[in-house]
Amino acid sequence: FELRGTVSVGGGLPDTGALHLELHHAESGAGRFTHPLGEFAAFPELGEPGAELRVTARAPVDEGEGLVVYAWLDVDGDGILCAPGVTDEPAGLVEVDLFPAHALSFTLTLTATCSGPEALYP
């Protein structure tokens, strides 16, 4: 599928750095082993926030349901979300409606700091 969207940064947070994007199933596993989130694609260093993003991915439809887009901004350029001593790298996620489909879109604002997807997903 093709996914298009924009990622912006909430007020008061750093807004420069490399944008990292991950795609997750909203729910993965089966039966009593069902759990929230299951990453199936990652796109490191997509550029700066604000520009329209376009990625193509294959979703393993037999491994989960739904689509969650998670992103974070690598402010210090080390490729690690909030390494020791870093407390202000913005992060956020959004659940995308109408998945599965061949073309999807999203809008995401990063409003949390130093939070992985498991901390942001209900």
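Structure shown above.
My aim in this report is to walk through the structure given alongside it, one point at a time. (Residues numbered from 1 in each chain as written. Predicted model: local features only at pLDDT ≥ 70, side-chain atom pairs only at ≥ 80, totals over all residues. Heavy atoms only, no water.)

A separate point is the pattern of salt bridges. By the definition in use, this model includes three salt bridges. For the salt bridge of Glu2 with Arg4, the shortest nitrogen-to-oxygen distance reads 3.9 Å. Several salt bridges share partner residues, and in doing so they unite Glu2, Arg4, Glu52 and Arg54 into one network. (Salt bridge = Lys/Arg side-chain N within 4 Å of Asp/Glu carboxyl O.)

Okay, the sheet that holds strand 4 (residues 52–56) next. Taking strand neighbours across the sheet as the criterion, the three strands line up as 4-1-8 in an open arrangement whose pairing is mixed. Strands with a single pairing partner mark the edges of an open sheet, and in this sheet they are strand 4 and strand 8 (103–110). With strand direction ignored, the average angle separating the axes of adjacent strands in the sheet is 25°. Pairing of strand 1 (residues 2–9) with strand 4 involves five bridges; the strand directions are antiparallel. Within the sheet, the bridge partner assigned to Glu2 lies in strand 4 and is Thr56. (Pairing = 2+ DSSP bridges. Helix = DSSP H or I, 4+ residues; strand = E, 2+ residues; numbered from the N terminus. Axes fitted to C-alpha atoms, helices over the stretch in contact; angles between N-to-C directions.)

According to the stated counting rule, one finds one disulfide in the structure shown. Each disulfide pairs two cysteine sulfurs, and for Cys82 the partner residue is Cys114, the sulfurs being separated by 1.8 Å. Taking the sign of the S-S torsion, about -85° here, the bridge from Cys82 to Cys114 comes out left-handed. Separated by 32 residues along the polypeptide, Cys82 in the loop between strand 6 (67–74) and strand 7 (90–96) and Cys114 in the loop between strand 9 (112–113) and helix 1 (117–120) bring together distant segments of the chain. For Cys82, a relative accessible area of 19% translates into the label buried. (Disulfide = S-S within 2.5 Å. Buried < 20%, exposed > 50% of the residue type's maximum accessible area, 1.4 Å probe, protein only.)

Further remarks concern the packing of aromatic side chains. Tallied over the full model, the rule gives two aromatic pairs. On the basis of an interplanar angle of 65° and a centroid distance of 6.5 Å, the ring pair of Phe1 and Phe40 is categorised as edge-to-face. Taken together, the residues Phe1 in the segment before strand 1 and Phe40 in strand 3 (residues 35–43) connect sequence positions 39 residues apart. Relative accessible area serves as the criterion here: at 17%, Phe1 is assigned to the buried category. Judged by its relative accessible area of 17%, Phe40 falls in the buried class. Ring pairing ties together the aromatic residues Phe1, Phe40 and Phe99, which thus form one cluster. (Phe/Tyr/Trp six-rings, centres within 6.5 Å; stacked < 30°, edge-to-face > 60°.)

Before going further, it helps to examine the pairing of strand 2 (residues 18–28). Buried residues dominate strand 2, accounting for nine of its 11 residues. Bridge count for strand 2 against strand 6 is seven bridges, and the pairing is antiparallel. Bridge pairing in strand 6 links His24 to Val68. Across seven bridges, the pairing between strand 2 and strand 3 is antiparallel.

Keep in mind these values describe shape, not function.
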